[in-house]
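Breakdown of the fold
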Amino acid sequence: MKKLSLLAAATLLSACQSMQPAAKTSLDGEVFYLQRIALPPTATLSVSLQDVSLADAPAVVLDEHKGPVKGQVPLPFHLSYDPAQVKPGHRYSVSARIEADGQLLFITTENHAVQLDGSDPQPLKIRVNAAR
């Protein structure tokens, strides 16, 4: 009976350990633009990490950084993701946009591909271009 109780306790403990959340991995970077203009005080920055593998479906967002802009460019960001969400053979990309008062000011116009295998340079440098 003692052995059975010990076996049940060990099984329960191992099940609890396997249910712990996976460690998150992160990408750090900066968003910048080349124009010599200051951002308005109401500007907000949105940066997202997306799975862009399917051409005929919306991108799946793995993480997103959103918030008011503090200061001027370069604008830092931090994205966290669960490595278990990264699927072999899929393509991942980081995109950014800067808005103010409901108006789009800057947006990424190039694909900023990331591998998510630990080989991505950090900090990432994400260039945005004027929307007008």
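Residues numbered from 1 in each chain as written. Predicted model: local features only at pLDDT ≥ 70, side-chain atom pairs only at ≥ 80, totals over all residues. Heavy atoms only, no water.

An unreviewed UniProt entry lists the protein under the name YbaY family lipoprotein, with Pseudomonas gregormendelii as the source organism.

**What about the pattern of salt bridges?**
Throughout the structure, instances matching the rule amount to two salt bridges. Among the ionic pairs, Arg97 bridges to Glu99, the shortest N-O distance being 2.7 Å. Note on Glu99: relative accessible area 25%, which makes it partly exposed. (Salt bridge = Lys/Arg side-chain N within 4 Å of Asp/Glu carboxyl O. Buried < 20%, exposed > 50% of the residue type's maximum accessible area, 1.4 Å probe, protein only.)

**Details of the nonpolar core**
Counting 26 residues, the largest nonpolar core has Leu27, Val31, Leu39, Leu49, Val94 and Ile98 as the members making the most contacts within it. When contributions to this core are tallied by element, the ones reaching two or more residues are strand 1 (25-32), strand 2 (43-51), strand 4 (75-81), strand 5 (92-100), strand 6 (103-107) and strand 8 (124-127). Residue contributions to this core peak at five residues, all from strand 5. Other than its neighbours up to four places away in sequence, Leu39 contacts Tyr33, Val69, Gln72, Leu75, Ile98, Leu105 and Phe106. (Core = buried A, V, L, I, M, F, W, Y, C linked by side-chain atoms within 4.5 Å. Helix = DSSP H or I, 4+ residues; strand = E, 2+ residues; numbered from the N terminus. Contact = heavy atoms within 4.5 Å.)

**Section: the pairing of strand 2**
Counted residue by residue, strand 2 has eight buried out of nine residues, so it is predominantly covered. Across nine bridges, the pairing between strand 2 and strand 5 is antiparallel. Bridging from a neighbouring strand, Thr44 pairs with Glu99 of strand 5. Both strand 2 and strand 3 (residues 60-68) contribute to a ladder of eight bridges, which runs antiparallel. Counted as the bridge partner of Asp51 is Val60 from strand 3. (Pairing = 2+ DSSP bridges.)

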